Amino acid sequence: MGGPLLLALLLIAGAGPALADSLPGARPIPAALAARLEHVRAEVASPRTRHLDAAGRPLFVNRLALEASPYLLQHAHNPVNWFPWGDEAFAEARRLDRPVLISIGYSTCHWCHVMEEQSFEDLEIAEALNANYVAIKVDREERPDVDSVYMSAVRALTGSGGWPMTIWATADGVPFFAGTYFPPRGGKRRPGFLPTLGRIAGLWERQRGQVGLAAARLQERVRASLSPQPAVGVPGTAEIRRALDAYRQGFDAQNGGLRGRRKFPATLPIPLLLRAHRRTGDDAWLAMARRTLDAMRRGGLYDHVGGGFHRYTTDSTWTVPHFEKMLYDNALLTQTYVVAWQHTGDPAYQAVVRDVLAYVAREMTASEGSFYSATDADSEGEEGLYFIWDHESLRAAVGEAHYELAAAAYGLDGPPNFEKTHWVLRADRDPGDLATTLGRPLAKVEAELAEIRARMRAAREQRVAPLLDDKQIVAWNGLMISAFARAGLALREPGYVESASAAAGALLALGRPDGKLARYLKQGKPHGVGLLDDHAFLVSGLLDLYEADGQARWLDAALALQREQDERFFDERNGGYWISPHEAVALLGREKPIEDGARPSGNSVAALNLLRLYHLTGDAVWFERAEMTMRAFSDRLRLLPSAYGRMLEAVDFLTDTPKEILIVTPGANGGAEPFLAALGSLHLPNRVLVVASEPQLAALEQRVPLLADKRALGGRATAYVCENRTCELPARDPATFARQLAKPARPYPAP
């Protein structure tokens, strides 16, 4: 590293004068740069910083100090001469005639932290990188389009993927070698990072032709994998049945979820199972869903002290999690437990919804109302340290009088389950079971458990908390807006709807600085270019919010954003949406995302949004685009339908007879509540809802033509339940309305 930029960074970061004086080309530091880097001082002085001067100040600061991404800022103190993703890095590689080393990860990734500490803070490795490569660091959450391209390369070369992702590429960004985590100097099963750097640098110098040939071949494989071939026909219930059969065959009957060494919530799409139970009456789907729901809420995947779900578990029993908490997991699981409560009426599922949303409101909500992205798995340099317990820490937290019940409730009366000395909490025993075992009244046990949990939370808050990733990604916020809005509508909780409204208002006000959606907010400022999932997930959230509070501004915003998405992302020739807008700088290939993994794909959510908009507005263009989108991926759905659970929800909507529900009130507070209470407690996934007062009808009829001629009859709230624009007799009492809603679902055709 060297030059005037580095000198400015070193001076601002507080490096010693001797070090600064040794660098050539000193220049005055611009005031704006000084102000920006002043904020970075806390970031680079994290507990993971190893290279300090005599005064305890970091010796190394690089270009990433100028970035907003928390993940990039975590690497701002590395001795590696990092570049952020952009033209400057590739121009430098061409100028120096060097290959590019691209490292991709995210701020709460445990193994990303490990590789940083082992390799990117190692002076010998940094010297090898700086001498032979142009090194680029990418935040996959900031640039999922870049991540998807290079993940395709990693999978093509290794058969699997993960983070940190490590790619060797030409100066044009074409990959020729790739992997994930590399130990610094080698291990029993993995090649070392330092020797690999040396070998590839040698190949670059001596066998450039072979490197170019490997890059060209890999580029073709990447391009072919990113976009599906045009297909004929719209997928139907046959694909749903094949997916259900695959879930049945892979189901872990003992532990819930799919069989495997690790357990991820998204591998078994519970909302699809509950849709299938609704339309087939096959209790197997309900049993699979309930077994998994109960296993997740009782196990270590769930944070029984603070609320919220961790990302996944490293074992098959849902016990030992990878401790990071992601906003999207908690949004999607909240939506799932809302549906499960509607479908079963089980109060335990409602309790999970309330607990997760309380956690999000308390710990993951910015002052603007939008939601933070994630919290780390590590604290004080150790994974899970914040979350685990032993007998001494539990006794100190709850007191001797509560210790026996606390240990029994959370599994500390059994053998340790974490590194042979500590416990990840489980809640396998219901309060009734604990009351019987301990010979205490149930009411007293429930009250004592609430006190125990409060004391444990207070004690845990005295520990060093994991790092908070405070960027507010628009897509993930859209998912959480849906979670709050759906829970508010189902549970009749206006506070949840207000939280959804505050977040949506913040994104629309702050996240469109030039009229186009940003990728994320941080400290009230927009960053990056909004991608497909930012648009699709926010449209979904706005539609859910419109149904929850009836404010036409949310419908208007959803329609405007959908039009923008269609204009900038839609493939008019073959259908489906690209991950990046048409005006974006071209990468190696352009992806049409479809796989529904930890998060649903933008195309899956978009397909369902389009169907909802069609049934709300009657505009056939939305239906045509929905069919084009599903048709674009029909071949993939036929080959491996179980990988596309969220897209199959859209197929379920398409193949059902969705209900168009209109509730008209005489005034602003005209008696809709009993009707909404009846609707909220019912699992009716394939429907749209409009609640409007008579004074609103004239304006709303332009957006929702089905409202024409609908009135609050006799001065009372009146509900209209319609299918395909044909309505049943108006219902002026909730009992009649409930009977109309209870009409049996359209069954799947026989296979």
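Another point: the confidence of the model for the chain. Predicted coordinates in areas of low pLDDT are best not read in detail. Per-residue confidence for the chain gives a mean pLDDT of 90, with 92% of residues at or over 70. A low-confidence stretch, residues 1-49 (pLDDT under 50), is modelled with 82 contacts involving residues beyond four sequence positions or located in other chains.

This next bit is on the nonpolar core. Formed by 200 residues in total, the largest nonpolar core has its most connected members in Phe193, Ile663 and Phe737. When residues of this core are assigned to their parent elements, the largest contribution, 13 residues, is made by helix 20 (residues 474-491). Those residues in contact with phenylalanine 193 that lie beyond four places of it in its chain are Leu101, Met115, Ser119, Phe120, Ile125, Leu129, Thr166, Trp168, Phe182, Pro183, Pro184 and Arg185. Core analysis: the next-biggest nonpolar cluster, separate from the first, contains 21 residues, Ala397, Val398, Leu412 and Ile452 among them.

Let us look at the packing of aromatic side chains. Enumeration over the complete set of coordinates arrives at 24 aromatic pairs. Arranged with centres 6.0 Å apart and planes meeting at 65°, the rings of tryptophan 85 and tyrosine 150 form a pair that is edge-to-face. Pair noted here: tryptophan 85 is in the loop between strand 1 (83-84) and helix 5 (87-96) and tyrosine 150 is in helix 8 (residues 144-158), with a separation of 65 residues, a long-range link. Take tryptophan 85: its relative accessible area is 22%, and that puts it in the partly exposed class. Taking the relative accessible area as the measure of exposure, tyrosine 150 reaches 3% and is therefore buried. With a centroid separation of 5.5 Å and an interplanar angle of 70°, the aromatic rings of phenylalanine 675 and phenylalanine 737 are classed as edge-to-face. One end of the pair, phenylalanine 675, is in helix 28 (residues 673-680); the other, phenylalanine 737, is in helix 30 (residues 734-741), with 62 residues separating them in the sequence. The exposure class assigned to phenylalanine 675 is buried, which follows from its relative accessible area of 3%. We classify phenylalanine 737 as buried; its relative accessible area is 0%. In textbook terms, an aromatic cluster arises when at least three aromatic residues are bridged by ring pairs, as seen for Trp82, Phe120, Trp168, Phe177, Phe182 and Phe193. The cationic tip of lysine 325 hangs over the ring face of tyrosine 359; the distance from NZ or CZ to the ring centre is 4.2 Å.

Attention now moves to the side chain of arginine 568. Mapped onto the elements of the fold, arginine 568 is located in helix 23 (residues 552-569). Judged by its relative accessible area of 7%, arginine 568 falls in the buried class.

An order of 13-14-15 is seen for the 3 strands of this open sheet, with the pairing classed as antiparallel. Every other strand in the sheet has two partners, leaving strand 13 (472-473) and strand 15 (525-527) as the edge strands with one partner each. Summarising the sheet, strand 13 and strand 14 (residues 520-522) pair through 2 bridges and their orientation is antiparallel. Pairing of isoleucine 473 across the sheet is with tyrosine 520, part of strand 14.

To continue, consider the pattern of salt bridges. Here the structure, examined in full by the defined rule, presents 57 salt bridges. Aspartate 139 is paired through a salt bridge with lysine 471; the nearest N and O atoms lie 3.5 Å apart. Remark: lysine 471 occurs in the loop between strand 12 (468-469) and strand 13 and aspartate 139 occurs in strand 3 (residues 134-139); sequence separation between them is 332 residues. The pair aspartate 139 / lysine 471 is uniform in exposure class, with both members buried. The partner of arginine 687 in a salt bridge is glutamate 547, with the nearest N and O atoms 2.5 Å apart. With arginine 687 in strand 17 (residues 687-693) and glutamate 547 in helix 22 (residues 532-549), this residue pair connects regions lying 140 residues apart in the sequence.

Parameters at a glance
Residues numbered from 1 in each chain as written. Predicted model: local features only at pLDDT ≥ 70, side-chain atom pairs only at ≥ 80, totals over all residues. Heavy atoms only, no water. pLDDT = per-residue confidence, 0-100. Contact = heavy atoms within 4.5 Å. Core = buried A, V, L, I, M, F, W, Y, C linked by side-chain atoms within 4.5 Å. Buried < 20%, exposed > 50% of the residue type's maximum accessible area, 1.4 Å probe, protein only. Helix = DSSP H or I, 4+ residues; strand = E, 2+ residues; numbered from the N terminus. Phe/Tyr/Trp six-rings, centres within 6.5 Å; stacked < 30°, edge-to-face > 60°. Lys NZ or Arg CZ within 6 Å of the ring centre and 35° of its normal. Pairing = 2+ DSSP bridges. Salt bridge = Lys/Arg side-chain N within 4 Å of Asp/Glu carboxyl O.

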